[in-house]
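Structure at a glance
One-letter residues, chain by chain:
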Amino acid sequence: MTEIFALVEHRQGKIREITYEILGCGERLAKEKGGSLTAILLGFEVKELAEEMAMRTPRVLVVEDEKLKDFNSLYYQKVLSSLFSKYQPLLLLMGHTAYGMELAPSLSVELDLPLATDCIGLSFEGERMKVLRSIYGGKVMAHMTLKEAKGYMVTLRPGTFAPKPLEEKKGGIMIEPSPLQEVTDRKRFLQYIEAPVSGEDISQAEILVSVGQGIGGPEHLPMFEELAKILGGTISCSRPVVDRNWLPKERQVGISGKTVKPKIYIAVGISGAFQHVTAIKGAETIIAINKDPRAPIFSVADYGIVDDFQKVIPLLKEKIKGMMGGV
Amino acid sequence: MKIIVCVKRVPKTAEADLFIEKEGKDIKKDNLVFALNDWDGYAIREAVRIREDYGGEVIALTVGPEDSKEVLTRCLAMGVDRALRIEEPPAIDALLIAKILARAIQDHSFDLILTGVQTEDDGWGQVGVALAQLLGIPHASIVNRIEIENGKGKVKRELEGGLEELLEVKLPALFTIQTGINEPKYVSLAAILEAEEKEMREIGLEELGLTSKEPLYAILERVSFPPAGKMAEILKGTPEEVVTQLSEIIKKKKG
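Residues numbered from 1 in each chain as written. Chains lettered and ligands numbered in written order. Predicted model: local features only at pLDDT ≥ 70, side-chain atom pairs only at ≥ 80, totals over all residues.

**Examining the overall build of chain A**
A count of helices and strands for chain A gives eight helices and 17 strands. Summarising its shape, the C-alpha atoms of chain A cover approximately 70 × 45 × 40 Å along the three principal directions. In chain A, buried positions account for 50% of the 327 residues. Contacts in chain A between residues far apart in sequence, at least 24 positions, make up 64% of those at least 6 positions apart. (Helix = DSSP H or I, 4+ residues; strand = E, 2+ residues; numbered from the N terminus. Buried ≥ 20, exposed ≤ 12 C-beta atoms within 10 Å, placed from the backbone. Contact = placed C-beta atoms within 7 Å.)

Shown next as structure tokens:
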């Protein structure tokens, strides 16, 4: 029978959202192939997490070891490689996240399996695995086939696949002995570093004026700060703006920054990389201003203006000022 | 410290109009501007910074067509000591790039290999970590700080939601570099002129014991534009008209 393995992602005692998306995708494929889905949970003292996963999958396979307490790809790779040899699953799914990006490429080399990373679609055509990837910054899609093999590995783009709902009946939990023996000093996890608590919390803002690389340089920032002020909102930004030190990290909207849910999100000069777009899904209304009509941001925005921000923003400031003045 | 940095020349597509070529296998590239992959620029600067602190040598390596020499020249101008271009096979995937790089590196000594986290074009985010496994060395990905002490790299990895983790990795090791790890630096004209004098070698695949027909693990069938799907309502008219419509929308949604 076809076996699909889904790697459970958890950190600091909590299951990560991507896990449900991996399970959702895995369940669909298992149904199509007439196979079964197994959640793979590696960790230490993870009984509660195993129970939680059993509510979502017919079978949970657990490996517990103190060395698996915090994520270290060297240990994870060893355990997964031994599980792979034992169970010979057709497919191993994981997230295209800080966790999957550290682990999947090296594991695929060790097992000599085809790997497709950051996929936004996947399906079987007979025994062949087909995947869909988003390339050139989301402007183009690549339709790919993986080399015929005894097994495949795929990492999934976060926020793309429908999460798996709860099961009607609880699945079974299987405990697998840990194959890990000696402690390695080749790579050691030392500690987590939490983001500093800052004065301005953009995740709570009702109105965000958000700027991207497309604004050209920090000399244009005052215009947006002023617009944000007139609207009673706050200024935020996309990653390249922080990388270039135009604004501090606490202003960054995105997977590696903050997730926001304002009433109004105005994105200026932001192309709309998935890392950014995923983090603004909770916004009620998204307005995008960008010169490039093909910028991916327009496929998530509610309203769009295709023009140079230097023409639009000064006019908008005046207009809003007039409007607010009347209140 | 001997540091090897793997780089790629990529088309800049963010603000360009893209067209799909006749065979449907790629976009048309003749009208596009090419440059050093953004992530790789950070990796180069980080390597040069480490060399400035610890001494040694930085070597830039690319698998790419003849035109890739221009990004190697750029790397040399950014402070790299020497560069090597390896011929690119006609069909390639992330694993094959890693295999070619591994062949070129495996018989040489080194302390550190840096790559970008991913490229702007294909965005596999796979080459660096696969290369580490092929060479049998430990790695850390999405690294945004490196400190070298006692033959170890103390590195910070970027996780999600502003969280980071601190790892200790024994050298020789490979790190994939995240954007923002350092600040872009101005490259002077003198440095560009100096780069012309530095060593740049080119080798073919056969010199690495490979052919132009290595098997692929991921085969590209075709490319397409994303389906229109849900699209924003684009506001039309003169800038004044557009702004009037927009301010009405803002007023309404603001509540």
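**A word on the interface of chain A and chain B**
Each partner contributes to the interface: chain A provides 70 residues, whereas chain B provides 71 residues. Mapped by element, the contributors of at least two residues to the side of chain A that touches chain B are helix H4 (98–111), strand S7 (115–125), strand S9 (140–146), strand S12 (187–193), helix H6 (239–243), strand S16 (285–290), strand S17 (303–306) and helix H8 (309–325) of chain A. When S17 of chain A meets strand S13 (residues 233–234) of chain B, the two strands line up parallel, connected through two bridges. Of the residues in S13 of chain B, the one forming a bridge with Tyr-303 of chain A is Glu-233 of chain B. (Pairing = 2+ DSSP bridges.)

**Looking at the sheet that holds strand S12 (residues 218–224) of chain B**
Taken in spatial order, the ten strands make up an open sheet running S11(A)-S5(A)-S4(A)-S1(A)-S6(A)-S10(A)-S7(A)-S8(A)-S9(A)-S12(B), and their pairing is mixed. Bordering the open sheet on either side are strand S11 (172–176) of chain A together with S12 of chain B, each of which pairs with just one other strand. When the angles between neighbouring strand axes are averaged without regard to direction, this sheet yields 30°. For strand S1 (residues 3–7) of chain A and strand S4 (residues 36–43) of chain A, the ladder comprises five bridges, and the chain directions are parallel. Each residue of the ladder has a partner; that of Ile-4 of chain A, found in S4 of chain A, is Leu-37 of chain A. (Axes fitted to C-alpha atoms, helices over the stretch in contact; angles between N-to-C directions.)

**Some points on the environment of Glu-194 of chain A**
Residues and elements named next belong to chain A. Among the structural elements, Glu-194 can be located in the loop between S12 and strand S13 (207–211). Under the C-beta neighbour-count criterion, Glu-194 is labelled exposed, with 11 such atoms within 10 Å. In this structure the C-alpha to C-alpha distance between Glu-194 and Ile-135, which are 59 residues apart in sequence, comes to 31 Å.

**Regarding helix H2 (residues 47–54) of chain A**
Residues and elements named next belong to chain A. Those residues of H2 not exposed but buried are Leu-49, Ala-50, Met-53 and Ala-54. In an axial view of H2, the angular spread of the buried residues amounts to 140°, which keeps them on one side of the axis. Of the exposed residues in H2, those oriented more than 90 degrees away from the buried face are Lys-47, Glu-48 and Glu-51. Residues of H2 that are buried make contact with strand S2 (10–11), strand S3 (14–15), S4, strand S5 (59–64) and S11. (Arc of directions from axis to C-beta.)

**With respect to the sheet that holds strand S14 (residues 234–237) of chain A**
With respect to topology, six strands assemble into an open sheet ordered S14(A)-S13(A)-S15(A)-S16(A)-S17(A)-S13(B), the strand pairing being parallel. Only two strands of the sheet have a single neighbouring strand rather than two, namely S14 of chain A together with S13 of chain B. For S13 of chain A and strand S15 (residues 264–268) of chain A, the ladder comprises five bridges, and the chain directions are parallel. From the neighbouring strand, Ile-207 of chain A faces S15 of chain A, where its bridge partner is Ile-264 of chain A.

**Some points on the confidence of the model for chain B**
On average, chain B scores 95 in pLDDT, and the residues at 70 or more come to 100%. Quick note on the complex model: pTM equals 0.94, ipTM equals 0.95. (pLDDT = per-residue confidence, 0-100.)

**A few points about the nonpolar core**
Residues Leu-41 and Leu-93 of chain A together with Val-5 of chain B are the most contacted members of the largest nonpolar core, which totals 125 residues. Top contributing element to this core by residue count: helix H3 (residues 94–105) of chain B, with eight residues. (Core = buried A, V, L, I, M, F, W, Y, C linked by C-beta atoms within 7 Å.)

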